[in-house]
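So you can see what is in the structure, the chains are spelled out below.
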Amino acid sequence: MDLILSITVCCVTMKIHMAILPIQTELKERNKILRAMSQEVKDIGDPRIQKLIGDMHETLENTENGVGLATPQVGKNLRMFVASPALELAQTVFINPVIVKISKETDSMEEGCLSVPGKYGKTRRATSLKVEAYNEHGKKFKLKAEGLIAQLVQHEMGHLDGELFIDKAKNIKTHS
Ligand SMILES: [Zn+2]
């Protein structure tokens, strides 16, 4: 009886430890974190990195229609992003990602960003690429991406270099 109780308490505690983080937005003044070059993650096993990964998933799931979230968007200049499980990718955590192959072919695609709320525009992106990264367990993987996923990877990796889609988007529209 005591054992069951303590397991229940443990699960409740773990749930409480997950946090929804405030998302950094590009306000009128320049947001320094969103515009800075992010640094590589040195120790993926560090409990602070593991907690940050959990919090970023929680934060992304709490948004209305976000499919990706990069670490600078939650106030930390680290080279990492998470993808929504709704995309059904083999991996949802991309740590120290590097694009190792990218198509010459590009397409202009509608885009928005949780850090630029209410604005949408057409951004020209490569239609396919291959990305190499480490997952949350520190295991290196390669992922081939096309279309929306290739667009997502380029968008999120832009965040790691201090770029926002509005830097290159055309016909930016504001929706309230
Ligand atoms: Zn974004």
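What counts and how
- Residues numbered from 1 in each chain as written.
- Predicted model: local features only at pLDDT ≥ 70, side-chain atom pairs only at ≥ 80, totals over all residues.
- Pairing = 2+ DSSP bridges.
- Helix = DSSP H or I, 4+ residues; strand = E, 2+ residues; numbered from the N terminus.
- Axes fitted to C-alpha atoms, helices over the stretch in contact; angles between N-to-C directions.
- Contact = placed C-beta atoms within 7 Å.
- Buried ≥ 20, exposed ≤ 12 C-beta atoms within 10 Å, placed from the backbone.
- Expected span 1.5 Å × (residues − 1).
- Arc of directions from axis to C-beta.

Draft legend 1. Representation of the sheet that holds strand 1 (residues 68–70) within the structure. One open sheet accounts for five strands, arranged 1-2-3-6-7; its pairing is antiparallel. For this open sheet the edge positions go to strand 1 and strand 7 (140–146), each flanked by a neighbour on one side alone. Going across the sheet, the axis of each strand differs from the next one's by a mean of 40°, ignoring polarity. One ladder, built from five bridges, connects strand 3 (residues 93–102) with strand 6 (residues 128–134); its direction is antiparallel. The residue of strand 6 that forms the bridge with V98 is E132. Against the sheet, helix 3 (residues 47–61) contacts strand 1, strand 2 (80–83) and strand 3, and its axis sits at roughly 45° relative to strand 2.

Draft legend 2. Structural context of the pairing of strand 3. The pairing of strand 2 with strand 3 spans three bridges and is antiparallel. Its bridge partner being in strand 3, V82 is matched across the sheet by V93.

Draft legend 3. How the structure looks around unusual backbone geometry. Of note in this structure, E88 is not a glycine but carries a positive phi near 55°. Secondary-structure assignment places E88 in the loop between strand 2 and strand 3. We note that N171 has phi near 50°; this positive angle belongs to a residue other than glycine. Topologically, N171 is positioned in strand 8 (residues 170–174). A count of 9 C-beta atoms within 10 Å places N171 in the exposed class.

Draft legend 4. Looking closely at the environment of M109. Mapped onto the elements, M109 comes out in strand 4 (residues 106–112). A count of 18 C-beta atoms within 10 Å places M109 in the partly exposed class. For the pair M109 and R124, spaced 15 residues apart in sequence, the C-alpha separation works out to 6.3 Å. Discounting residues that sit within four places of it in the chain, M109 has contacts with K122, T123, R125 and Q151.

Draft legend 5. Here's a closer look at helix 3. Look at helix 3: 21 Å from first C-alpha to last across 15 residues, which is about the 21 Å you get at 1.5 Å a residue. Buried within helix 3 are the following residues: I49, L52, I53, M56, T59 and L60. The buried residues of helix 3 occupy an angular sector of 130° when projected down its axis, which confines them to one face. The inward-facing, buried residues of helix 3 abut strand 1, strand 2 and strand 3.

Draft legend 6. View of the environment of F94. As for its position among the elements, F94 is in strand 3. In this structure the C-alpha to C-alpha distance between F94 and A83, which are 11 residues apart in sequence, comes to 8.1 Å. Not counting chain neighbours up to four residues away, the residues in contact with F94 comprise M80, F81, V131 and A133.

Draft legend 7. Molecular detail of the sheet that holds strand 8. Across the sheet, three strands lie side by side as 4-5-8; this open sheet has antiparallel pairing. The open sheet has two edge strands, strand 4 and strand 8, and neither has a second partner. The sheet shows a mean angle of 30° between the axes of neighbouring strands, taken without regard to direction. Judged from the seven bridges that link them, strand 4 and strand 5 (residues 119–126) form a sheet pairing that is antiparallel. Among the inter-strand pairings, T106 is bridged to a residue of strand 5, identified as A126. Sitting on the sheet, helix 4 (residues 147–160) touches strand 4 and strand 5, and the angle it makes with strand 5 is about 105°.

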